[in-house]
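Here's the letter readout for the chains.
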Amino acid sequence: MDSHKDRIESMRLILRVMQLCGLWPWSLRAGEEWTLSGFVKSNYRFLLHLPITFTFIALMWLEAFISSNLEQAGQVLYMSITEMALVIKILSIWHHRREAWRLMHELQHSPDYQFRNQEEVDFWRREQRFFKWFFYIYILISLGVVYSGCTGVLFLEDYELPFAYYVPFDWRNGGRYWFAYGYDMAGMTLTCISNITLDTLGCYFLFHISLLYRLLGLRLRALKNIGDDLYFGQELRGIFILHQSVRRLTLTCQKIVSPYILSQIILSALIICFSGYRLQHVGIRDNPGQFIAMLQFVSVMVLQIFLPCYYGNEITVHANQLTNEVYHTNWLQCGPPIRKFLNAYMEHLKRPVTIRAGNFFAVGLPIFVKVYTFQWVLIMESTNRLSAIQFLLVIQRWTGLLKWKNEEENGLLAWLQRIYPFVLHLPLTFTYIALMWYEALTSADFEAAGQILYMSITELALVTKLLNIWYRRNEAASLIHELQHDPAYKLRNVEEVQFWERNQRDFKRVFYWYMGGSLSVAAMGYISVFFQAEYELPFGYYVPFEWRTKERYFYAWGYNVLAMTLCCLSNVLLDTLGCYFMFQIASLFRLIGMRLRALQNAPEEKARPELRRIFQLHAKVRRLTRECEVLVSPYVLSQVVFSAFIICFSAYRLVHMGFKQRPGLFLTTVQFVAVMVVQIFLPCYYGNELTFHANSLTDSVFITNWLEYSVGTRKLLNCYMEFLKRPVKVRAGVFFEIGLPIFVKTINNAYSFFALLLKMSK
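In short, a report on the structure. (Residues numbered from 1 in each chain as written. Predicted model: local features only at pLDDT ≥ 70, side-chain atom pairs only at ≥ 80, totals over all residues. Heavy atoms only, no water.)

### A word on the overall build of the protein chain
Then step 1. Along the backbone of the protein chain there are 22 helices and 4 strands.
Then step 2. Out of the 762 residues belonging to the protein chain, those deemed buried represent 52%.
Then step 3. Of all intrachain contacts in the protein chain linking residues separated by at least 6 positions in sequence, the fraction that spans at least 24 positions is 78%.
Then step 4. Per element, the accessible surface of the protein chain, about 36900 Å² overall, is 62% carbon and sulfur. (Helix = DSSP H or I, 4+ residues; strand = E, 2+ residues; numbered from the N terminus. Buried < 20%, exposed > 50% of the residue type's maximum accessible area, 1.4 Å probe, protein only. Contact = heavy atoms within 4.5 Å. Areas by Shrake-Rupley, 256 points an atom, 1.4 Å probe, with all protein chains shown as cover.)

### Some points on a positive patch on the surface
Then step 1. A grouping of Arg502, Arg505, Arg590 and Arg597 is seen on the molecular surface, where their side chains present a positively charged patch.
Then step 2. Every element with two or more residues in the positive patch is listed here: α16 (494–528) and α17 (553–597).
Then step 3. Mapped onto the fold, Arg502 is located in helix α16. (Patch = residues over 30% accessible without salt bridge, like charges linked within 9 Å, V, L, I, M, F, W, Y side chains within 5 Å. Salt bridge = Lys/Arg side-chain N within 4 Å of Asp/Glu carboxyl O. Lys, Arg positive; Asp, Glu negative; His and termini not counted. Charge placed at Lys NZ, Arg CZ, Asp CG, Glu CD.)

### Describing a nonpolar patch on the surface
Then step 1. Taken together, Leu36, Phe39, Val40 and Leu47 make up a surface patch of nonpolar side chains, about 420 Å² in accessible area.
Then step 2. Here Val40 lies in helix α2 (residues 36–66).

### Looking at the packing of aromatic side chains
Then step 1. Under the counting rule described, the total for this entry stands at 51 aromatic pairs.
Then step 2. Relative to Tyr138, the ring of Phe135 has its centre 5.8 Å away and its plane inclined at 85 degrees; by these criteria the two rings are edge-to-face. Residue Phe135 and its partner Tyr138 are both found in helix α5 (residues 118–152); the two are separated by 3 residues, about one turn of the helix. An identical accessibility class is assigned to Phe135 and Tyr138; each is buried.
Then step 3. Judged by centre distance (5.7 Å) and plane angle (25 degrees), the ring pair of Phe306 and Tyr310 falls under stacked. Linking Phe306 with Tyr310, this pair stays in helix α8 (residues 288–320), spanning 4 residues, or about one helical turn.
Then step 4. A relative accessible area of 28% places Phe306 in the partly exposed class. (Phe/Tyr/Trp six-rings, centres within 6.5 Å; stacked < 30°, edge-to-face > 60°.)

Purely geometric numbers; function is a separate question.
Here it is as structure tokens:
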């Protein structure tokens, strides 16, 4: 049965590739050692790897060491550390090449492991085929990383190498660039193929031995229906002998793969760290090819750590599963000698089978989880705590709402940065709003004024927001910087990171929809006027020339579009900023609650220092709450005061407009009213969230393990709960608290004004 089956069929092609790459020994015929071909085969690995692999890696490290700053070094180190792991793998396989060759030869040709029936052949063929195709896909993806990087640089305007290394000549010109590029591509291709084939070889040894343990399990299960003690005993002895051989193979495999796995796991966290660092500095727009290559590289690196851990875990699982397989044999029908034999075998099985990386740890999924957790720690160190509005902060600086990130104190650039908001907003925002109010005040009748007032009052609220953010620009910049960089708010474990990222993602979605809806109101207003029979502006304002002609209409329309877009964008961005401050502080209060709940089962030795850290964090968050109130108070006050009039005039315009006469403007106004309701609701909601989660901390304190604490710690908690009795509120001026009750009152006031306006018009 076994003569028709290649027991290592999934590795045949890969072993041939490894021979060509100098990683697997060539077979020499008798007497060939002293011939030229024998000398080449014996030293082929040195002839190939010394001028390419080792020289290329040395040049990469040289480039990393001579880089002038960390950013340049980070661009090289992410790959240099990977290549350092490859050096360890190559030296290890060269050192253990005879043991590896003997192990592979034994797995293929030893009669101890031959198959005995068609079921075993089908099982083996199925598993080998799955391994082969899985690793072929893994190899192709890994090579795709290299060639994606090599291809991406060809689309850049400047000369750039796919993977940086030290070049001892000036290569940034058309004549010499291709020499540096060609060596880069050849070196990286060889190192990539060497890396992935050595990964495949190590994983295959683990995989093959796990299959042998599964084969033992199949043969033990086949004894379930055997009642003849003599035949049962013969089969059992054959299984015991096979098991001893497989245990010996396991130790041989451990000796070969241990250095490779140890180096891979130790260096993997650093590799992914530098890869993530480079991802932050390689923009997808500036260099899309290398950005995609980096994403592929990080994915391959995670897979490169996971695979040996998975197959090492498979050996442990299937070896330890044999105890259950012995129990399911027909041992109840066997005689006492056979049962004693089985009992001795089960005692032998109590010795756990594990593949160890050096003398440090067992290779399995638990070590992968630990490495992954360490990577999460690295991610936490670089987690962008303002990820929800990071892009919006850039837009706010370009729209003149916030200070520039690195605003200088002196020089021409500093002067331009200081006057930029006024240069942008004076001719557009403020002039446009003044023209709207002038048009509203000079309108011939009340109805014509009402058609403009619904938008003019909105823009008046915007003026308040603009003046407030300009007046407190330093405080806003300081608060943003503290929320992002202060180590007091650093996330401390995976659960906190996941909670934070989930909340940031939810906030971003809400406000992107809000901004999209707001801008769609303006866009529909711009477009709808083209379907009117007469010339009409999207949003009325005073135009100091006759614009109702074909030649001049688009001057007035263009200024209307430009100014209204800037006003709308400024409005929603300032809304987002104010709500985000309250949202961020509410999230910090929730974080404090999580840390208090985490002490539910903690002993006092651990809880007491943690409680002190929580109290210090709470004091800082209370201070942030007061700073946030100073920033958002004028904005929310103006919004709430004006909002009732805005909704009132908008609804009044809807009643007198009619859908049939002007469907485009009617739909625009309906959208506007909906956006205005959301604009009032959002700050009230996030202010309410801040108050709610701050006041919920009393319940979180009660959930701690306070009953088991000493009197001193309980007194400390009692003082903290007394402090928590002071409610945390964000107030708009000295008039009202920002929360959902004020939202309900505002909607009621808007309806009352609307009803009064309708009655007066009749």
